[in-house]
Amino acid sequence: MLRSSFGSNRPVVLFTLLLPAIAAGVLAVVYAHPGTPALAGPAYDLLFGTINQWPSLSVGLGVLIIFAGAVLVNGIYNEHEYSDRENYLPAMAYFFLGISSLEWLYFNPVFTSVLFLLLALRRLLRIYRISNATSMLYDAGFFACLAVLFYPPVALALPFLWVGMTQLRTATFREWLVPVLGLATPAAYVVVAYWWFEVSPDFDEFFDLAGRFTFGPDGSGEGRNLFFAFSAVTMLPVLIGLGIFVSGMGVSTVHRKNTKRVFMWMSFFLLLTFVYTGFLQESDVASVALLAPAAAVFAALCFISERRKVLIDILFYVWIAFAVLHMLYTGVL
């Protein structure tokens, strides 16, 4: 029922996510507390102290950011025909990934950064066969800089702007410079603010390597084991969907093939960012949200498949069950 509903071409199904969003938000306010991200940027630091004084406001904003990210992922997926037919499974997958931890429902720098990266990706993908792409390239750079200001490690993902541009058009020298101008605009305001208040930013935490890769919550017990179990259950549909995504590139139109390549490049750079943060002395559990756009798109391609329908149904509902169970273990149980 749930898979077929979100597998339809009716956008009204997105409103059905409001009920689990409200329920998860209430549970977060009652049972969870906002974490203190170790790698947050200046934009988040400016808002964090104020917003998290009111848990309901923080959770409301956090849920809104996750929901907006889900809608953006689904919009990109449908607009550029990543699937043979329109559906809303990417939004559902992204949303359930977002609410799978009650702590993540609080105003979070990683999900906020991902939201701005998705806005940058959406603008970048629209430069295909556009005579004058200046405004779109500027916007892509602008949104990408905002993503860095919320979560600085995503600076490692910025090359996707130029790599993606080369996949979509033969860019002129001026077009190569436009994203730099977009990046520089908010960055200039930040530099002036630091100068005005005579504050020097500390970047040590972004380069303090631990020498080993760490992933997942601290401690041990059922909560930690469930985290890895949920990660494993998520990997299966993601890998299946990745295979479908890549194999479909061989029979796609030039436009679909190029937009898929751009998405793959952004996913690669976000994976690189995630791995890098895992090697830092202080990393955030929520850094896994960097993989949410790719996981949502690839998992959706698996869940929309009509081959071996019974097995896909089982995998789909097992994944949903693990997402809800993991959410409950992050505060309620």
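Since we're looking at a predicted model, the values are computed, not measured.

Once that is clear, we can look at the overall build of the protein chain. What the protein chain contains, in helices and strands, is 13 helices and zero strands. C-alpha extents for the protein chain along the principal axes are approximately 55 × 50 × 40 Å. The burial tally for the protein chain puts 50% of its 333 residues in the buried class. Long-range contacts, defined as pairs at least 24 residues apart, comprise 79% of the intrachain contacts of the protein chain with a sequence gap of at least 6.

Nonpolar side chains tend toward joint burial in soluble globular proteins. Membership of the largest hydrophobic core comes to 110 residues, with the highest contact counts inside it found for Tyr94 and Trp319. Filtering out sequence-adjacent residues up to four positions away, tyrosine 94 remains in contact with Ile66, Gly69, Ala70, Val73, Phe111, Val114, Leu118, Ala292, Pro293 and Ala296.

The geometry of two aromatic rings is summed up by the distance between their centres and the angle between their planes. Under the defined criterion, the tally for this structure stands at 27 aromatic pairs. With a centroid separation of 6.5 Å and an interplanar angle of 45°, the aromatic rings of phenylalanine 203 and phenylalanine 206 are classed as tilted. Judged by its relative accessible area of 47%, phenylalanine 203 falls in the partly exposed class. Ring-pair connections join several aromatic residues into one group, and the members of that group are Tyr44, Phe48, Phe107, Phe116 and Phe150.

Turning to helix 5 (residues 89-98), a few remarks are in order. Within helix 5, ten of the ten residues are buried, which leaves the element mostly enclosed by the surrounding structure. Among all positions in helix 5, only Leu89, Pro90, Ala91, Met92, Ala93, Tyr94, Phe95, Phe96, Leu97 and Gly98 are buried.

Moving on: unusual backbone geometry. Even without being a glycine, glutamate 81 presents a positive backbone phi close to 55°. Among the secondary structure elements, glutamate 81 is positioned in the loop between helix 4 (55-79) and helix 5.

The next subject is the packing of helix 5 against helix 13 (residues 309-329). Where helix 5 contacts helix 13, the axes come no closer than 9 Å and their chain directions differ by 30°. In terms of axis orientation, helix 5 runs roughly parallel to helix 13. The residues of helix 13 that touch helix 5, namely those facing Leu89, Met92, Ala93, Phe96 and Leu97, are Phe316, Trp319, Ile320, Ala323 and Val324. Tallied by class, the residues present in the contact of helix 5 with helix 13 amount to ten nonpolar, no polar and no charged.

This part covers a negative patch on the surface. Among the surface-exposed residues, Asp202, Asp204, Asp208 and Glu282 lie close enough to one another that they form a single negatively charged patch. With respect to the helices, strands and loops of the structure, aspartate 204 is situated in the loop between helix 9 (173-196) and helix 10 (222-248). Take aspartate 204: its relative accessible area is 54%, and that puts it in the exposed class.

A word on the environment of valine 30. Locating valine 30 in the fold gives a position in helix 2 (residues 18-31). Through-space distance from the C-alpha of valine 30 to that of valine 246 is 43 Å; in sequence the pair is 216 residues apart.

With that settled, consider helix 6 (residues 109-125). One turn of the α-helix equals 3.6 residues, which is why residues spaced by three or four share an orientation. Relative to the 24 Å expected for 17 residues at 1.5 Å per residue, helix 6 spans 24 Å between its end C-alpha atoms, a close match to the ideal helical length. Where helix 6 begins, the side chain of asparagine 108 points an oxygen toward the backbone nitrogen of valine 110, at a separation of 2.8 Å.

It is worth spelling out the pattern of salt bridges at this point. Counted according to the given criterion, the structure contains six salt bridges. One salt bridge connects aspartate 139 with arginine 123, and the closest N-O pair in it is separated by 2.8 Å. Pair noted here: aspartate 139 is in helix 7 (residues 134-150) and arginine 123 is in helix 6, with a separation of 16 residues, a long-range link. One salt bridge connects glutamate 175 with arginine 169, and the closest N-O pair in it is separated by 3.2 Å. Using a relative accessible area of 16% as the deciding quantity, one classes arginine 169 as buried.

What counts and how
Residues numbered from 1 in each chain as written. Predicted model: local features only at pLDDT ≥ 70, side-chain atom pairs only at ≥ 80, totals over all residues. Heavy atoms only, no water. Helix = DSSP H or I, 4+ residues; strand = E, 2+ residues; numbered from the N terminus. Buried < 20%, exposed > 50% of the residue type's maximum accessible area, 1.4 Å probe, protein only. Contact = heavy atoms within 4.5 Å. Core = buried A, V, L, I, M, F, W, Y, C linked by side-chain atoms within 4.5 Å. Phe/Tyr/Trp six-rings, centres within 6.5 Å; stacked < 30°, edge-to-face > 60°. Axes fitted to C-alpha atoms, helices over the stretch in contact; angles between N-to-C directions. Parallel < 35°, antiparallel > 145°, perpendicular 65-115°, else oblique. Nonpolar A, V, L, I, M, F, W, Y, C, P; charged D, E, K, R; others polar. Patch = residues over 30% accessible without salt bridge, like charges linked within 9 Å, V, L, I, M, F, W, Y side chains within 5 Å. Areas by Shrake-Rupley, 256 points an atom, 1.4 Å probe, with all protein chains shown as cover. Salt bridge = Lys/Arg side-chain N within 4 Å of Asp/Glu carboxyl O. Lys, Arg positive; Asp, Glu negative; His and termini not counted. Charge placed at Lys NZ, Arg CZ, Asp CG, Glu CD. Expected span 1.5 Å × (residues − 1). Polar contact = N/O pair within 3.5 Å; in protein donor to acceptor, adjacent residues only side chain to side chain.

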